[in-house]
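Commentary on secondary and tertiary structure
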Amino acid sequence: MSEEEKNQKKVYNKGMMRQVFPIIFFIILLIYSLSLLIPILWMLLSSVKGRLDFYNNPFGLPKVWKFSNYSTAFNKLYVRIQTPTGSRNVYMWEMLFNTIIYTLGGTIVTTMSHCFVAYACAKYNFKFGRFLYGFVIVAMIMPIVGSLASELQLIRAIGWYDNMFGIIIMKAGFLGTNFLIFYATFKGISWEYAEAALIDGASHWKILFNIMIPLAKTTVFVTGLLCFINMWNDYQSPMIYLPSYPTVAYGLFQYQFSLDPEINSVPMQLAGCTLAMVPIFVLFVLFQDKLVGNIAIGGLKG
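In short, a report on the structure. As the structure is a computational prediction, the values presented were derived from the model and not from experiment.

**Topic: the overall build of the protein chain**
Broken down by element type, the protein chain carries 14 helices and 4 strands. The 302 residues of the protein chain split such that 34% are buried. Residue pairs at least 24 apart in sequence account for 68% of intrachain contacts in the protein chain once pairs closer than 6 positions are excluded. Accessible surface, the protein chain: about 18700 Å² in total, of which carbon and sulfur atoms supply 67%.

Okay, structure coming up:
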């Protein structure tokens, strides 16, 4: 075989490899996508089945499409809570109200606290800021074990236990990945904007709210949206800290222990899960371009 033929063969093999790899990656991504979609499809189909239909045919189509499961789930799924005078049932509409207050308040407080602390550490040259940055890194890799008991004792002592306002204030921390995301975003914004504003007589607060945050609005929005989704699905915090204010996620967790034959079936619980998924699905559809388009490897693009 001549040298020219060998070169042509190498070029042909490289061309074949370039065509094969995209196909392999596409098949892998397709399988992965189906693995995420099939459970959701199964949940939607199972949520409109009857109790016996689900147990006799868990993976097939419903014999009778019982869309009434959704109205029953919304009106009759409940969590029983203790009150000073006895007990009462908290139904879905009240759990939805608690969830909105908890999620919106916690999202705003969490996002803004991370944003403010990261901005101060990134843009002001003081030694304590460098200490905070190092402290965040150490706190992320150091496991915290056994702090829940002392934390409960503390919030009971200051009157924040079973208090919606107090639990929202507890979300005002700066530890975690969001701090690093905001820190990198503000580090990438030139300080010349602030210097020009200072010459014109602007205060540091005005620079933060009128210049820096608008320049980082994409990061603020996406981080807040991810925080909203996380808090909407959070059932542990309301279960531990807010026993009198059950949220939708906490209610769905409690349904598995219900003894009421009308609501303790799997289709009824899946109908409740579907109702809880709707707001998050709507948010994702409305803001998918911002959410997906601004997530990069290692963080968010500012």
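**Quick word on the pairing of strand E2 (residues 86–91)**
Where strand E1 (residues 78–83) meets E2, 6 bridges bridge the pair, whose relative direction is antiparallel. Bridge pairing in E2 links Val79 to Val90. Where E1 folds back on E2, the antiparallel hairpin that results is connected by 2 residues.

**Quick look at the packing of aromatic side chains**
For the structure shown, the criterion picks out 12 aromatic pairs. With centroids separated by 5.8 Å and ring planes inclined at 85 degrees, the aromatic side chains of Tyr119 and Tyr124 adopt a geometry described as edge-to-face. Of the residues examined, Tyr119 reaches a relative accessible area of 4% and is grouped as buried. Here Tyr124 falls in the partly exposed class, since its relative accessible area comes to 25%. When the centroid spacing of 6.1 Å and the interplanar angle of 25 degrees are considered together, the rings of Phe179 and Tyr183 count as stacked. Taken together, the residues Phe179 and Tyr183, both in helix H8 (residues 177–187) and 4 residues apart, mark about one turn of the helix. The pair formed by Phe179 and Tyr183 is uniform in burial state, with each residue classed as buried. Taken together, the ring pairs in this structure connect Tyr119, Tyr124, Phe182, Phe186 and Trp191 into an aromatic cluster.

**A look at a nonpolar patch on the surface**
A surface patch of nonpolar side chains, amounting to about 690 Å² of accessible area, comprises Ile23, Phe26, Ile27, Leu30, Ile31, Leu34 and Ile38. Among the secondary structure elements, Leu30 is positioned in helix H1 (residues 3–46). On the accessibility criterion, Leu30 (42% relative accessible area) is partly exposed.

**What about the environment of Leu252?**
Among the structural elements, Leu252 can be located in helix H13 (residues 248–255). When the C-alpha positions of Leu252 and Leu77 are compared, they lie 8.6 Å apart, and in sequence the two are 175 residues distant. Ignoring sequence-local partners within four residues, the contact set of Leu252 consists of Gln269, Gly272, Cys273 and Ala276.

Procedures and definitions
Residues numbered from 1 in each chain as written. Predicted model: local features only at pLDDT ≥ 70, side-chain atom pairs only at ≥ 80, totals over all residues. Heavy atoms only, no water. Helix = DSSP H or I, 4+ residues; strand = E, 2+ residues; numbered from the N terminus. Buried < 20%, exposed > 50% of the residue type's maximum accessible area, 1.4 Å probe, protein only. Contact = heavy atoms within 4.5 Å. Areas by Shrake-Rupley, 256 points an atom, 1.4 Å probe, with all protein chains shown as cover. Pairing = 2+ DSSP bridges. Phe/Tyr/Trp six-rings, centres within 6.5 Å; stacked < 30°, edge-to-face > 60°. Patch = residues over 30% accessible without salt bridge, like charges linked within 9 Å, V, L, I, M, F, W, Y side chains within 5 Å. Salt bridge = Lys/Arg side-chain N within 4 Å of Asp/Glu carboxyl O.

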